[in-house]
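Chain and residue survey
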Amino acid sequence: DLSTRLGSPFEGSIEYQRFEYPEEVAFHAGDPSLLSTGVAHPESGVIQSTLPSHAHEIVHILSYKLGRPSAFFVEGLAVELGDKGKVGGQAVDELARRYVRTSPPERLIAAFRDQEAWAAYSIAGSFCRFLVRRHGLPAMTAFFRASRPGVREEDAFRMAFGLSLGAALDEWRAVLR
């Protein structure tokens, strides 16, 4: 199961609220601009979704207990593990190839929520998929654990992966081509 794969045993329960329409998810999440199939509230352990099961949102609940890197990595890990490396049923690497020129990952890391969703989720998912395949899931969970208040994300990244974020992005771009 996901909690075992992340090396973070889950205690407690997740409250799953199922809705028929994305607009209901947005209303109950308190964000009328949100038109999504689901949203996780890791602090309270609540998932609101239109789907019968939502692994992407479950990853958010579980990874929150590890640490709190930027949204780029939080969403990227959820796409990799929860959505099995796909966005809208399409492979993230294929999508990322299309979007990486117009949506540089450096911009996405800095302001993930301000970017176009398809590009942001595709690039984040592709990069996190690359990291997990190249360095293993334990390195990714180490990065999440190192991502604590007072620790710069670049420093947490270097501690977990043994190279700078910039160097890892360059390696990913080379593989993506």
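This section reports on the structure supplied with the text. All values reported here derive from a predicted model rather than from experimental measurement.

Turning to the pattern of salt bridges, a few remarks are in order. Taken as a whole and judged by the stated rule, the model has 8 salt bridges. For arginine 129, the salt bridge identified is with glutamate 80, shortest N-O distance 3.2 Å. On the criterion of sequence distance, the pair formed by arginine 129 in helix α7 (residues 117-135) and glutamate 80 in helix α4 (residues 71-82) is long-range, its members being 49 residues apart. We classify arginine 129 as buried; its relative accessible area is 16%. Connected via shared salt-bridge partners are Glu106, Asp170 and Arg173.

Glancing now at the pairing of strand β2 (residues 38-41). Bridging between β2 and strand β3 (residues 46-49) involves 4 bridges; their strand directions are antiparallel. Of the residues in β3, the one forming a bridge with glycine 38 is serine 49. Counting the residues that bridge the hairpin from β2 to β3 gives 4 residues, and of these glycine 45 lies at a positive phi of roughly 75°.

So, about the nonpolar core. Counting 40 residues, the largest nonpolar core has Phe73, Phe127 and Met140 as its most contacted members. At the level of secondary structure, the elements contributing two or more residues to this core comprise α3 (55-64), α4, α6 (105-110), α7, α8 (137-146), α9 (153-161) and α10 (165-176). Looking at this core, the element that brings in the most residues is α7, giving 8 residues. Setting aside anything within four residues of it in sequence, one finds phenylalanine 73 in contact with Phe127, Cys128, Leu131, Phe143, Phe144, Glu153, Phe157 and Leu165.

To continue, consider the packing of aromatic side chains. Two numbers describe a pair of aromatic rings. These are the distance of the centres and the angle of the planes. According to the stated counting rule, one finds 14 aromatic pairs in the structure shown. Ring centres of phenylalanine 73 and phenylalanine 143 lie 4.8 Å apart, and the angle between their planes is 70°; this geometry places the pair in the edge-to-face category. Taken together, the residues span a long stretch of sequence, with phenylalanine 73 in helix α4 and phenylalanine 143 in helix α8 at a distance of 70 residues. Using a relative accessible area of 0% as the deciding quantity, one classes phenylalanine 143 as buried. Ring centres of phenylalanine 143 and phenylalanine 161 lie 5.9 Å apart, and the angle between their planes is 50°; on these two criteria the pair is classed as tilted. Here phenylalanine 143 is found in helix α8, whereas its partner phenylalanine 161 is found in helix α9, with 18 residues between them in sequence.

Cut-off values and rules
Residues numbered from 1 in each chain as written. Predicted model: local features only at pLDDT ≥ 70, side-chain atom pairs only at ≥ 80, totals over all residues. Heavy atoms only, no water. Salt bridge = Lys/Arg side-chain N within 4 Å of Asp/Glu carboxyl O. Helix = DSSP H or I, 4+ residues; strand = E, 2+ residues; numbered from the N terminus. Buried < 20%, exposed > 50% of the residue type's maximum accessible area, 1.4 Å probe, protein only. Pairing = 2+ DSSP bridges. Core = buried A, V, L, I, M, F, W, Y, C linked by side-chain atoms within 4.5 Å. Contact = heavy atoms within 4.5 Å. Phe/Tyr/Trp six-rings, centres within 6.5 Å; stacked < 30°, edge-to-face > 60°.

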